Amino acid sequence: KSRGSRPSSSSSTEDDEGELPLMSVSLTCDGHPDKKIDLECECLLLALGRTANVESMGLEDADVEFDPARGVLVDDYARSVSNPNVYAVGDCVANVPRLTHVSGEMAKVVVQNSLFEGQWKLSSFVVPAVMYTDPEYATVGRSMSLDENGRVVLAPNLDPDEVDVYRAELRHNDRAILDSSDDDGFVKIFCEKGTGRIVGCTIVSSRAGEMINEVSLAIKHGIDLEGVGRNIHSYPTLGETVMGCGLQYINSNWKTF
């Protein structure tokens, strides 16, 4: 099932000098068919995803249940749901984010749980993801949960009607001004509606991959948006824009007369 934005049409024209053709792409978003964005670009990169390579390995003989497209089915402790003596890690596992840092964290889980009687759960993961474009695009918030059978599944997307959004623009950030960068960058933090509990974040910036880690830490350890806003940030840094979202939340709760 596809999620998020999808191209609805495209066309291209090539100039007389033989340069890259200019491509026009129209984007629509699932759930909002009336909202369309038209973009012009020289190249269109399609990330089509991957499938786990778990067939023809004899997993059936080891009683390890798997889905041919998604991978090995595991429980919250990274154990096979059909054979708890077998653990699985990384891109061969069904319904986990296929990211290098997720695979590394899963390896830690398996070592601790299998050798040291740990109880580390995959559902406790708070997973940031970064696209290393220019500017970078980073997100955090969507994590793993369990279905009714105790199998790991990806959590559903955030419902826009159940969150409050706090946004700070990088064009007002002094470091971005000094570096002449990030004119179009921003930080957007999502909180559970009516509260300061952070449930997600999107950052577009030349340093989004570094900036997102602060928000990941806040979500992981239950630091609310006021706590992020009260944390003193070094000046001048792009990270102050994260603090700016926290200050927006604080200011929105000022008592007025």
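How each quantity is defined
- Residues numbered from 1 in each chain as written.
- Predicted model: local features only at pLDDT ≥ 70, side-chain atom pairs only at ≥ 80, totals over all residues.
- Heavy atoms only, no water.
- Helix = DSSP H or I, 4+ residues; strand = E, 2+ residues; numbered from the N terminus.
- Buried < 20%, exposed > 50% of the residue type's maximum accessible area, 1.4 Å probe, protein only.
- Contact = heavy atoms within 4.5 Å.
- Areas by Shrake-Rupley, 256 points an atom, 1.4 Å probe, with all protein chains shown as cover.
- Lys, Arg positive; Asp, Glu negative; His and termini not counted.
- Charge placed at Lys NZ, Arg CZ, Asp CG, Glu CD.
- Patch = residues over 30% accessible without salt bridge, like charges linked within 9 Å, V, L, I, M, F, W, Y side chains within 5 Å.
- Salt bridge = Lys/Arg side-chain N within 4 Å of Asp/Glu carboxyl O.
- Pairing = 2+ DSSP bridges.
- Axes fitted to C-alpha atoms, helices over the stretch in contact; angles between N-to-C directions.
- Core = buried A, V, L, I, M, F, W, Y, C linked by side-chain atoms within 4.5 Å.
- Expected span 1.5 Å × (residues − 1).
- Arc of directions from axis to C-beta.

**Points about the overall build of the protein chain**
Then step 1. Along its length, the protein chain carries 5 helices and 12 strands.
Then step 2. Taking all 257 residues of the protein chain together, the buried fraction comes to 34%.
Then step 3. In the protein chain, of all internal contacts separated by at least 6 residues, the share reaching a separation of at least 24 is 43%.
Then step 4. Put simply, the protein chain shows about 16,000 Å² of open surface, and 51% of that area lies on carbon and sulfur atoms.
Then step 5. Distance from the positive charge centre (23 side chains) to the negative charge centre (41 side chains) of the protein chain: 7 Å.

**So, a nonpolar patch on the surface**
Then step 1. A contiguous nonpolar surface patch, about 350 Å² in accessible area, is contributed by L44, L46 and L48.
Then step 2. Looking at the element boundaries, L44 is found in the loop between β3 (32-41) and β4 (66-67).

**With respect to the sheet that holds strand β12 (residues 198-205)**
Then step 1. Pairing is antiparallel in the open sheet, where 5 strands are placed in the order β6-β7-β12-β11-β10. Two strands close off the open sheet at either side, each with one partner strand: β6 (129-131) and β10 (163-169). When strand polarity is set aside, the average angle formed by the axes of neighbouring strands in this sheet is 10°.
Then step 2. With 6 bridges connecting them, strand β11 (residues 186-192) and β12 associate as antiparallel partners. Of the residues in β12, the one forming a bridge with F190 is G200.

**As for unusual backbone geometry**
Then step 1. A cis amide bond links D134 with the next residue in sequence, P135, at an omega value of 5°.
Then step 2. When you line up the elements, P135 lands in the loop between β6 and β7 (136-140).
Then step 3. With an omega of -5°, the peptide bond between Y235 and P236 qualifies as cis.
Then step 4. The phi dihedral of E117 is positive, around 55°, even though this residue is not glycine.
Then step 5. The topology assignment puts E117 in the loop between α1 (100-115) and β6.
Then step 6. With a relative accessible area of 74%, E117 lands in the exposed category.

**Notes on the nonpolar core**
Then step 1. The biggest cluster of nonpolar side chains holds 23 residues, and the ones touching the most others in it are V187, I189, I198, C201, I203, L225 and V242.
Then step 2. Those elements giving two or more residues to this core turn out to be β7, β10, β11, β12, α3 (208-220), α4 (225-230) and α5 (240-252).
Then step 3. A total of 5 residues in this core trace back to one element, the largest contributor, which is α3.
Then step 4. The residues touching V242, leaving out its near neighbours within four places in the chain, are V187, I189, I203, M211, E214, V215 and V228.
Then step 5. In terms of nonpolar packing, the next biggest core, distinct from the first, is built from 20 residues, A52, V72, V102 and F125 among them.

**Considerations on α1**
Then step 1. End to end, α1 covers 23 Å across 16 residues, agreeing with the expected 22 Å (1.5 Å per residue, within 8%).
Then step 2. When we look at burial in α1, the residues that qualify are V102, M106, V109, V110 and N113. Seen end-on, α1 carries its buried residues on one side only, within an arc spanning 100°. α1 presents T100 and L115 as exposed residues on the side facing more than 90 degrees away from its buried surface.
Then step 3. Within two residues after α1, E117 carries a phi angle of roughly 55°, on the positive side.

**Some details on the pattern of salt bridges**
Then step 1. Counted under the stated rule, the structure contains 10 salt bridges.
Then step 2. Salt bridges linked by common partners bring R167, E169 and R171 together as one network.

**Topic: α3**
Count 3.6 residues to each turn of an α-helix, and residues three or four apart come out pointing the same way.
Then step 1. If you check α3, its first and last C-alpha atoms are 18 Å apart, about what 13 residues at 1.5 Å a residue would give, namely 18 Å.
Then step 2. Burial in α3 covers these residues: A208, G209, M211, I212, V215, S216 and A218.
Then step 3. Where α3 is buried, its residues meet β6, β7, β11, β12, α4 and α5.
Then step 4. In the segment just after α3, G222 is the residue with positive phi, at about 70°.

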